[in-house]
Every structure is written in structure tokens, then in C-alpha cells.
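Descriptive structure summary
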Number of protein chains: 2
Amino acid sequence: MAMDNRKLRILRAIIDEYILSAVPVGSKSLSRNTDFALSSATIRNEMAGLEGLGYLEQPHTSAGRVPSDKAYRLYVDSMLQRAKLTERELAVLQRYCGVRVSSVEEVMRETARSLSEITNYTAIVLMPEMSESRLRHLQLVPLAQGSALAVAVTDAGVAREAVIRIPPDMSVEELEQISRMITQRYYNRTISTVAERLVVEIGEILRERKSFLQSLTGTIDRSAASGTHLVELSGATNILHYPEYRDVQKAKSFLAAVENKDTLYDLLKQASGMEFTITIGSENKAETLRDCSVVTASYKLGDLALGTFGIIGPTRMQYGKVLTILEYMRASLGEVLTGLQDKE
Amino acid sequence: MAMDNRKLRILRAIIDEYILSAVPVGSKSLSRNTDFALSSATIRNEMAGLEGLGYLEQPHTSAGRVPSDKAYRLYVDSMLQRAKLTERELAVLQRYCGVRVSSVEEVMRETARSLSEITNYTAIVLMPEMSESRLRHLQLVPLAQGSALAVAVTDAGVAREAVIRIPPDMSVEELEQISRMITQRYYNRTISTVAERLVVEIGEILRERKSFLQSLTGTIDRSAASGTHLVELSGATNILHYPEYRDVQKAKSFLAAVENKDTLYDLLKQASGMEFTITIGSENKAETLRDCSVVTASYKLGDLALGTFGIIGPTRMQYGKVLTILEYMRASLGEVLTGLQDKE
DNA sequence: ATTAGCACTCTTAGCACTCGAGTGCTAATC
DNA sequence: GATTAGCACTCGAGTGCTAAGAGTGCTAAT
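Worth saying up front: this structure is predicted, and the values here are computed from it rather than measured.

So, the overall build of chain A
Across its full length, chain A carries twelve helices and ten strands. In terms of overall dimensions, chain A is more spread out than a globule: its C-alpha atoms have a radius of gyration of 26 Å, far above the 20 Å expected for 344 residues. Dimensions along the principal axes, computed over C-alpha positions, put chain A at roughly 90 × 40 × 35 Å. Here chain A, with 344 residues, has 42% of them falling under the buried criterion. Within chain A, contacts between residues at least 6 apart in sequence are counted, and of these 60% link residues at least 24 apart.

The structure is reproduced here in C-alpha cells:
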């Protein structure tokens, strides 16, 4: 049994229908509601064929058919067409572009919020990777006896901070001097380079401060590596709108999965760099997302900030619409990020 | 009909029972499972009395009784006793105290995580108020042509950043000089003072930079005021464990309420400064939390960081246990925050 | 190749029924 | 006078049955 043109058209009709209704679609309703000039019996035959090929599944005998992950894959690969956006959707996007923000974190938060609001799915945004961005300034600010706050600023316009311990005999002037020295020496180097070379190079100059520098390096390393607050999540509870999650148990496991930022980080990390990715159901690495689809987009700003964002929803997702929205968002994000600097 | 001692004992037994089981408790089971030497009939009479007084409610005739908010209020006001912690609970607390963190944000995250893990309710943590903490350092770092990052460090050990626009003719040296001037002049002043006086005072010195300073002030103001990322939330989905939220509709409205950080911010803000607060069901201002209880505690560190944290759960909450945990946490939080500076 | 027709399957909604836990009331008991 | 045993009554949850509806596969006719 091979795939032919008519089978494709039927499959597509089934998918379109199922995406809207979430109800298994049967041969009769299909022949009634579409303009194939075919009887239900013919469609039944074709459906049986499609099931044999693995594109359709039957929840139980005498129920309609449901598209398999394989079907969705075919769908997005070869029959997807961009959807027009509605008034409402455009309005949210426009509002998003006009929003006043003053830090990269805020941009991420707004992006996630808008995405989830438009799509009604769950939105995730991955912050630009710290370790690949370049140092602009490092400042050590004394806090109390024996402790200081280290603040690193990068070209992506983000600051990271960490409280560090300092030798009790270290003076304010010395801290200032070290800050200046590091800033000067490592200006425009990537953070990972800084972490790598700091001790070796400056340790030679300031022998007696070597252990302090070591601890500083450790902090930088850890802070650059920790992906914890690099993931922004919004609209997790949107999933509860969809009938496939009417079962509280399922909803719970989805929400638990999504509350764990490590899973999300891996997800986005993997997709970073790809213009768009679509991962369907069982294609997901994470066990817990096996009946979700993930669509992501990456943005790039000059050779500067680079991040990824996307949405998570049921496999029965409006792929066309989502892609259009992500595309739009991708373009706007650059604008908003640049805008950071143009609006006050 | 007045309240007497026996009524109190019965009411208490009902509350204790209901907190554990979430099932309306009836006269028979109560006389069976407790050591009142009373028949179910007597208890029934007393229960009718308690209902008349507004302490009990009946979901429908021929169901057991459920404590009213008023009953819980009485319970926490006059019959509450601290609960012992279990092994598991202590273990989590211990792990919490040992955790290595290097920024206030991380402390908040860990606190929220641990709280929700121990209690199985939803935890919220409010970050120390920015505008009341004192400036330690202000740094303007040039990013690109016409823009810079302003980073303010406070005595609470947190840094806040914002991208600002700068006049194109402003040199690196001038930025540096302004940073130094502001830091020097406003060292140890509260952020709100800085925002208030900056333009007036320094504007006089740097007349030609007045508009720049104005925009900087605006940024500081806004950044200090924005409560957005000052609230840390954890374990929102824990609520799904409880039978009162088995209805997806209810769960959805709870989660929506809790996803809105403004609501939470108001909640915690109001409780800040109070050692402990307990707000029961309808006592909540927020419409959406009318069948939840909120328990909060505030911490203070010297006259330094001051924040609030708490948990949200069903009105049928283990108040005794929660209070004990919050008390413990309150003590540990100081330790952890100080520890920020002692561990590397 | 298509389709009409038919027998069969499976889910869902509705209905009557039972069972258990709970209630209020009254009369007997301590 | 307080307590309790007893009784009739109510309500919700669970059970079993039936009928309706949607869908299927197969076969024979077009």
C-alpha cells in the first residue's frame, strides 16, 4: 500500500479537523463536512490504508481516527502553510513591540508573556548565553567586613552579580584597582576566556592574592554555567484549556515537567542556533513531554545577543499559526532589543 | 446558644479531622474515632449549636460538617499548637541551610523551593525592597554608540541594571567620572533618596548633562518601583495534590491567580514587617484567593535586608506545622544570607 | 474503482436502584 | 436537665442496565 495524492489530501483534512476539534475524526463526518466527492466508504478504505502506513491511530475499535506523530511530521514537513493572524493576535504583538523595557531580563519576560498570551500555549524563552558574551566591565564593591559583590557587565547588556569573600586585609582601593585591572585586561574577551585565564595571568602579578583570584574565578565559572534563571516561562497553565489535559493527573505531570527549568534549558539549548525547530511528541527527548510538541525559533542580533524562544503545546497544535507568530516575534525581538537603547 | 468548653473541644476535633481527611465529618464517626465519652446524638446536638454560631457549615443536608473560615480563625487564634517536624521535613531544611549560593536572588529561589518542597503547598518569597536599601556603588558601562548599562549595587548585596540612552558625545571618561561622582556623593543613601535628589543636586554641577541625569533618575525610579521580579514562586502545582482542587476549573483559577505576580506582590507587601500573619479564606483581599489561606513570615537582618515569605494553601491547612516551618526558615534565612558572605 | 448496505463494536448518557453515612426529632433513661 | 437510643428521612456515590449514536469492516452491486 503506497501513499498517493488522494491519501495525502484525506490525511491533511483529518489533521486539520483534529487540530480544531480534538475529537477523533470518522469517515462519515469527513465525507459530510468536506468537499471531497467521495463517500464515507471510500474514505474508510483510505483511512484503513493510512492506518496501515502508520499515519493514523485508533483509540479503540469503532472510534474515529487520530493522527499519529508521524502524520504531524509529514504535515509540518510538506503540507504546512502559514496562517494569517487575527486582529487580536496582531494587537498583542503590536503592544509587545511598543512596550518599554530597560533590561534584557525584562525583554525576556515580556516576550514570554506575549507569546503565551497570543498562542494560548506555554511559552519559554532562553536568555543569551553568558559564557559566550564579552566582558565590558567588572566591578568589585565592598559590602561588609570580608565580603564584596562582584558584578560583571557584558556586551549583551546584562549584569551578573555574586557575593564573594575577600581577604579581611583587602582595602577598598585594592578592590578598585583589581576591578580596573581585570576590566582593562579582559575587555571584550568572552566570559569563558576570563574564567580560564584570570588566575594564570593575573595570579602572576598579584602573587599574594592568588587564592582570592581563584575564588573569584570559581564564582565567575559557576555563575556563567548556572542556567537556572536563564529560562523564562509563561502561561504554563494555558495547557489546562485543552481537553487532552482535562485529566488532572496528566495536567500535573505536564506542569511538573515544565516547572523544572533544567528540562527546559536542555530543550532550548539544543535548539539554539537553529532558525526554527519543530519537535513532535515522541521525538522529544524528555520523557515527560512525549505528548507535547515544541516549536522554537532562535534570534540573533548582529553578532551580539543570541537566544532561543519557543512554545510548548499539545501535539495537536496549530503549527501554521505558531510558526507565523514565532517568525514575527523573531523579527520584533531584534527591534525591541535595539529599542532598549533608543527609548528612555 | 453560647460557646462552652465542650463545644470548643468538639470543634477542635472536627477541624483536626477535617484538615487531615478533607471529608466532611459527621457525628457518628467523631464519636467512634475520638475519646469523648459522648454518643453521636449528643455530638449532633452540639454540632447543630456550632452551626448556629457560624463555626460549621453543611455542604448539603445529610452530609457531615465542614469548618467555616470563622472556625479556622478561632482555631489559629486560640487552639493552635506548634507541630513537631518529621525526619523528612528536617532533612530538607538541613539541606537548605547547607546550600551554596552566591546572590540574593539565588537565596530567594532556594528558599521558595525548599518551602514548597517541605510543606507541599505553594511558596512565595518577596525580595527585600530595593528603594529602602542603600547605595554602595553606581556604575555606567558604555555598551554601544549612544547606550550604556547603569548598574546600581546596594548594601543588601543586590545589583540592578538598566540599559539607558546616553548623549552620543559622552565619552567613556565622562561616564566614568559621573559614576564616581554619584557613588561618592550618594554612598549609603537610600535608593529613593538618590532618585529624588540626583537631578537637583548634580544637575546644578553638570548643567549641560541635565537631561541625561533626568533620564537616569527616571530609570532608577522605575527600576526601584517595579515589583515584577521581586516575587519568587515555587510549587504552584502542589495545589493539584489536594482533593478540593480536583476540579480542573478551580485549579485553573488558582493557578491563574498565582501566576499573576502583582497579586502576590500586594499580598506579601502588606504582610511585610509583621512577624507572622495568617489570612484565612474570605479574609483575603484578592477575590481569587477566597478559598485559600496564606501564612507569611518576615525576616530582618540587622537593619539590613528585609523581606517576607510565606505559603499559600487550602484553608484546610496544617497551620501548626506551617508555622513551625516558617519559624525555622525565618531563623535559617538570616544564617543563609550571612553565609552568602562566608562561603566561597 | 466506487459505493450502498449491513452487521458488529464501543462509548456515552440516562435511569432506576441500592447502600452508607449523616441528619433531626422524640421519647426514654440516668 | 442532660444524655442517649431509636427511627424516619435525605442525599450522594456507586452499580447495572439500556438505548442511541458514531464508527468500523466486509461484501456485493454498480
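So, helix H4 (residues 69-79) of chain A
Taken together, the buried positions of H4(A) are occupied by Asp69(A), Ala71(A), Tyr72(A), Leu74(A) and Tyr75(A). Of the surrounding elements, those touching the buried residues of H4(A) are helix H1 (5-21), strand S1 (56-57), strand S2 (66-67) and strand S8 (276-280) of chain A.

A few points about the protein's contact with DNA strand C
Taken together, 21 residues surround DNA strand C, and among them Thr42(A), Ser62(A), Gly26(B), Ser27(B) and Lys28(B) come closest. A per-element tally of the surface near DNA strand C places helix H3 (residues 40-52) of chain B first, with four residues. Class assignment of the residues belonging to the surface near DNA strand C gives a composition of seven nonpolar, eleven polar and three charged.

Some thoughts on the domain arrangement of chain A
Residues and elements named next belong to chain A. Splitting chain A by domain gives domain 1 (5-79), domain 2 (87-130 + 228-342) and domain 3 (135-225). Between the C-alpha centres of domain 1 and domain 2 there is a distance of 29 Å. Counting from both sides, the interface comprises seven residues of domain 1 and, opposite them, eleven residues of domain 2. At the level of secondary structure, the elements contributing two or more residues to the side of domain 1 that touches domain 2 comprise H1 and H4. The leading source of residues in the side of domain 1 that touches domain 2 is H4, at four residues. Residues that form the side of domain 1 that touches domain 2 fall into these classes: five nonpolar, no polar and two charged.

Some points on the sheet that holds strand S9 (residues 292-300) of chain A
All names here are of chain A. Strand order across the open sheet formed by five strands is S7-S3-S10-S9-S8, with antiparallel pairing between neighbours. At either end of the open sheet lies a strand with only one pairing partner, and these are strand S7 (231-234) and S8. Direction aside, the axes of adjacent strands within the sheet are offset by 15° on average. Bridge analysis of strand S3 (residues 122-126) against strand S10 (residues 306-314) gives five bridges, and the strand direction is antiparallel.

Details of the sheet that holds strand S6 (residues 159-165) of chain A
All names here are of chain A. Strand order in the open sheet made by the three strands is S4-S5-S6, with antiparallel pairing throughout. Single-partner strands in this sheet number two, and they are strand S4 (135-144) and S6. Taking each pair of neighbouring strands and ignoring which way they run, the sheet shows an average axis angle of 20°. Packed onto the sheet, helix H7 (residues 172-186) meets S4 and strand S5 (147-154) and runs at close to 165° relative to S4.

Observations regarding the nonpolar core
Within the largest apolar cluster, 119 residues are counted, with the highest numbers of intra-cluster contacts made by Ile124(A), Leu149(A), Ala150(A), Val151(A), Leu149(B), Ala150(B) and Val151(B). Those residues in contact with Leu149(A) that sit more than four places away from it in its chain are Val141(A), Leu143(A), Glu161(A), Val163(A), Val153(B), Gly157(B) and Ala159(B). Leu56(B), Ala112(B), Val258(B) and Val294(B) belong to the second-largest nonpolar core, a separate cluster that totals 62 residues.

Observations concerning the protein's contact with DNA strand D
The local shell around DNA strand D holds 20 residues, among which Gly26(A), Ser27(A), Ser39(B), Thr42(B) and Ser62(B) are the closest. Those elements giving two or more residues to the surface near DNA strand D turn out to be helix H2 (27-33) and helix H3 (40-52) of chain A together with H3 of chain B. With four residues, H3(A) is the single largest residue contributor to the surface near DNA strand D. Its residues assigned to classes, the surface near DNA strand D comprises six nonpolar, eleven polar and three charged.

Quick notes on the relation of the copies chain A and chain B
The operation linking the two copies of the chain is a rotation about an axis combined with a translation along the axis. Mapping chain A onto chain B leaves a residual RMSD of 0.1 Å; the transformation is a rotation of 180° accompanied by 0.0 Å of translation along its axis. One copy is carried onto the other by what is essentially a two-fold rotation axis. The position closest to the rotation axis in chain A is occupied by the C-alpha of Val248(A), lying 3.3 Å away.

Quick notes on unusual backbone geometry
All names here are of chain A. The phi angle at Ser 62 is positive, at roughly 65°, despite the residue not being glycine. Considering the arrangement of structural elements, one finds Ser 62 in the loop between S1 and S2. Not every positive phi belongs to a glycine, and Asn 188 is a case in point at roughly 70°. You can see Asn 188 is positioned in the loop between H7 and helix H8 (191-205).

Side note on the interface of chain A and chain B
Taken together, the 42 residues of chain A in the interface contact 43 residues of chain B. Per-class residue counts for the side of chain A that touches chain B are 17 nonpolar, 14 polar and eleven charged.

Observations concerning the packing of helix H5 (residues 87-98) of chain B against helix H6 (residues 104-119) of chain B
Residue and element names in this part refer to chain B. Here H5 crosses H6 at 175°, and the two axes come no closer than 10 Å. On the basis of their axis angle, the class for H5 and H6 is roughly antiparallel. Contacts between H5 and H6 involve Glu 89, Val 92, Leu 93 and Tyr 96 on the former and, on the latter, Glu 110, Ser 114, Glu 117 and Ile 118. A per-class count over the contact of H5 with H6 returns four nonpolar, one polar and three charged.

Observations regarding the pairing of S10(A)
Residues and elements named next belong to chain A. Within S10, seven of the nine residues are buried, leaving the element largely enclosed by the surrounding structure. Summarising the sheet, S9 and S10 pair through nine bridges and their orientation is antiparallel. Considered in S10, the bridge of Cys 292 is made with Pro 314.

Topic: the environment of Pro168(A)
Residues and elements named next belong to chain A. Along the chain, Pro 168 falls in the loop between S6 and H7. Judged by the 8 C-beta atoms lying within 10 Å of it, Pro 168 falls in the exposed class. Excluding its chain neighbours within four sequence positions, the residues that come into contact with Pro 168 are Gln 145 and Gly 146.

Focus: helix H11 (residues 261-271) of chain B
Residues and elements named next belong to chain B. Buried residues of H11: Leu 264, Leu 267, Leu 268 and Ala 271, and no others. Projection of H11 onto a plane perpendicular to its axis shows the buried side chains occupying an angular sector of 85°, all on one side. With its phi angle positive at about 100°, Gly 273 sits one or two positions after the end of H11.

Some points on the packing of H1(A) against H3(A)
Residue and element names in this part refer to chain A. For the pair H1 and H3, the least separation of the axes is 10 Å and the interaxial angle reads 90°. One element, H1, and the other, H3, form an angle in the roughly perpendicular class. Contact residues: H1 offers Arg 6, Lys 7, Ile 10 and Leu 11, while H3 offers Ile 43, Glu 46, Gly 49 and Leu 50.

Describing the environment of Ser223(A)
One can find Ser223(A) in helix H9 (residues 210-225). Sequence separation of Ser223(A) and Tyr75(A) is 148 residues, and the distance between their C-alpha atoms is 42 Å. Leave out the neighbours within four places in its chain, and Ser223(A) touches Arg160(A), Ala162(A) and Ser102(B).

The rules behind the values
- Residues numbered from 1 in each chain as written.
- Chains lettered and ligands numbered in written order.
- Predicted model: local features only at pLDDT ≥ 70, side-chain atom pairs only at ≥ 80, totals over all residues.
- Helix = DSSP H or I, 4+ residues; strand = E, 2+ residues; numbered from the N terminus.
- Rg over C-alpha atoms; globule rule 2.2 N^0.38 Å.
- Buried ≥ 20, exposed ≤ 12 C-beta atoms within 10 Å, placed from the backbone.
- Contact = placed C-beta atoms within 7 Å.
- Near = placed C-beta within 6 Å.
- Nonpolar A, V, L, I, M, F, W, Y, C, P; charged D, E, K, R; others polar.
- Domains from an automatic or database assignment.
- Pairing = 2+ DSSP bridges.
- Axes fitted to C-alpha atoms, helices over the stretch in contact; angles between N-to-C directions.
- Core = buried A, V, L, I, M, F, W, Y, C linked by C-beta atoms within 7 Å.
- Least-squares fit on C-alpha atoms with pLDDT ≥ 70 in both.
- Parallel < 35°, antiparallel > 145°, perpendicular 65-115°, else oblique.
- Arc of directions from axis to C-beta.

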